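These are the residues of each chain, in order.
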Amino acid sequence: MTPLTSPPLPPSAIAALAELGIGSREQLAAHGAVSAYLLLKAAGQTATERLLFALSAAERGLHWQQLSDHDRAQLRHALRAHPPVRLLPPLAEQQRYMDAALALAEQGARDGEVPVGAVVVYRGEIIGRGYNQPIGRHDPSAHAEMLALREAAATLGNYRLAGCDLYVTLEPCPMCAGAIVMARFDRVLYGAREPKTGAAGSQLDLFANRQLNPHTAVFGGLSAERCQQQLSEFFQQRRS
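For the structure given in this document, a descriptive report is provided here. Remember, predicted model here, so these are calculated numbers, not experimental data.

Once that is clear, we can look at the sheet that holds strand E4 (residues 187-192). On the basis of which strands lie adjacent, the open sheet formed by five strands has the order E2-E1-E3-E4-E5 and mixed pairing. On the outer flanks of this sheet lie strand E2 (125-131) and strand E5 (217-220), each paired with one strand and no other. The sheet shows a mean angle of 15° between the axes of neighbouring strands, direction not considered. Looking at chain direction, strand E1 (residues 117-122) and E2 are connected through six bridges and run antiparallel. Note that in E2 the partner of Val121 across the bridge is Ile126. Along the sheet, helix H10 (residues 224-239) makes contact with strand E3 (164-170) and E4, crossing E4 at roughly 55°.

Right, dumping it as structure tokens:
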């Protein structure tokens, strides 16, 4: 591992990167300069254009003044095109809310619905809950995420859910992903991938489409094995 140095990076940026788990040139390259820049910004660091250039230079082992005009133009373009980046909540918090979503999914399974559960969290409190109910409600839009965000919006008295996180046991489909983007959630944390209809990267990525003015950062794989096992057991029981 090649440690990050000053120059090209200021000491404060090196210390902040270390707190984010980026302590070497190789780790910086794995994240990419633009992603690291946005992580620093999300962590509250002063994020100037010069810092973006310095990160790219550090990744290459250069001084930021050695970047060409073309290099800088490419970095500016990549920054404009990059999906939103936010920091993850503490792990214990992530697990607690995903556990609540899994319990809701289990309730859906008992009702004969595909077990998917979701909760909306605002300032440390669950303000919206949902599990799949399209069969019981005779409603094709009654997915776990849709029901949870409807309840959350009613709780806050606002159709925009900025400042909220959504925890869901399965990668959102295009319908749910579109609603999440329009509601302006801060973060989505999902469990199992949905290879057939997933709209957070498996089939398409609506959250990365800059034409939709995205505000939502997406993190997959939280309690993925438990979420997938719950689905697998449900379908095995159905087949038997």
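Taken as a whole, the largest pocket encloses approximately 430 Å³ of empty space. Contributing to the lining of the largest pocket are 22 residues, with Val114, Val116, Leu170, Glu194 and Leu231 lying nearest its centre. A per-element tally of the lining of the largest pocket places H10 first, with five residues. As a volume, the second largest pocket reaches approximately 240 Å³. Residue lining of the second largest pocket: 14 residues in total, with Leu38, Lys41, Pro83, Pro84 and Val85 positioned closest to the centre. Per-element accounting of the lining of the second largest pocket gives the leading share, four residues, to helix H3 (residues 33-42). Looking at the lining of the second largest pocket residue by residue, the class counts come to nine nonpolar, two polar and three charged.

Attention now moves to the nonpolar core. Val120, Leu161, Leu166, Tyr167, Phe185 and Phe207 are the most contacted members of the largest nonpolar core, which totals 43 residues. Among the secondary structure elements, those contributing two or more residues to this core are helix H6 (91-110), E1, E2, helix H8 (144-156), E3, helix H9 (174-183), E4 and H10. If near-sequence neighbours (up to four positions away) are discounted, Phe185 is found in contact with Val120, Leu149, Leu161, Cys164, Asp165, Leu166, Ile180, His215 and Thr216. By size, the runner-up hydrophobic cluster in this structure holds 24 residues, among which are Val34, Leu38, Leu40 and Ala54.

Bringing the packing of H6 against H10 into the picture now. One can describe the packing of H6 onto H10 by two numbers: an axis separation of 11 Å at closest approach and a directional angle of 5°. With respect to H10, the element H6 is oriented roughly parallel. Taking contact as the criterion, the partners of Gln95, Met98, Asp99, Leu102, Ala105, Glu106 and Ala109 in H6 are, on H10, Arg226, Cys227, Gln230 and Phe234.

We now examine unusual backbone geometry. In terms of backbone geometry, most residues other than glycine have negative phi values and most peptide bonds are trans. Residue Pro7 follows Ser6 across a cis peptide bond; omega there is -5°. Mapped onto the fold, Pro7 is located in the segment before helix H1 (11-19). The linkage connecting Pro7 with the following residue, Pro8, adopts the cis geometry, with an omega of 10°. Looking at the secondary structure, you find Pro8 in the segment before H1. Of note in this structure, Ser223 is not a glycine but carries a positive phi near 50°. With respect to the helices, strands and loops of the structure, Ser223 is situated in the loop between E5 and H10. Exposure remark for Ser223: the relative accessible area of 14% places this residue in the buried category.

In this model, helix H4 (residues 49-60) (twelve residues) spans 17 Å end to end at C-alpha, consistent with the 16 Å of a helix rising 1.5 Å per residue. Taken residue by residue, H4 has Leu51, Leu52, Phe53, Ala54, Leu55, Ser56, Ala57 and Ala58 as its buried positions. Buried residues in H4 make contact with H1, helix H2 (25-31), H3 and helix H5 (69-81). Positive phi appears at Gly61, one or two residues downstream of H4, with a value of about 75°.

What counts as what
- Each chain has its residues counted from 1, following the order in which its sequence is written.
- It should be noted that, the model being predicted, local features are given only for residues of pLDDT at least 70 and side-chain atom pairs only at 80 or more, the latter also being counted only at that level, while totals for whole chains, interfaces and linings use all residues.
- In computing side-chain values, all of the structure's heavy atoms are included and hydrogens and water are not.
- In this scheme, strands are said to pair when DSSP sees at least two bridges between them.
- Labels follow the DSSP assignment, with helices taken as runs of H or I lasting at least four residues and strands as runs of E lasting at least two, numbered in each case from the N terminus.
- The convention used is that axes are lines fitted to C-alpha atoms, helices contributing only their stretch in contact, and that angles between N-to-C directions extend from 0 to 180 degrees.
- By definition in these notes, contact holds between two residues if any of their heavy atoms fall within 4.5 Å.
- Put plainly, a pocket is an open set of points on a 1 Å grid over the protein atoms alone with protein on both sides within 12 Å along at least five of seven lines, a cavity is a set where a 1.4 Å probe fits but cannot get out, and a lining residue has an atom within 4 Å of a point.
- Grid points are joined across faces, edges and corners, and a volume is the space filled by probe spheres set on the points.
- Gly falls in the polar group here, along with every residue not listed as nonpolar (Ala, Val, Leu, Ile, Met, Phe, Trp, Tyr, Cys, Pro) or charged (Asp, Glu, Lys, Arg).
- The set of buried Ala, Val, Leu, Ile, Met, Phe, Trp, Tyr and Cys residues whose side-chain atoms join them within 4.5 Å is what this entry labels a nonpolar core.
- We call a residue buried when its accessible area falls under 20% of the maximum for its residue type, exposed when it is over 50%, and partly exposed in between, using a 1.4 Å probe and counting protein chains only.
- Orientation is classified from the angle alone, with under 35 degrees giving roughly parallel, over 145 giving roughly antiparallel, 65 to 115 giving roughly perpendicular, and any other angle giving oblique.
- Expected span of a helix, by definition, is 1.5 Å for each gap between consecutive residues, and there is one gap fewer than residues.

Such coordinate-based values are descriptive only and should not be taken to indicate function.
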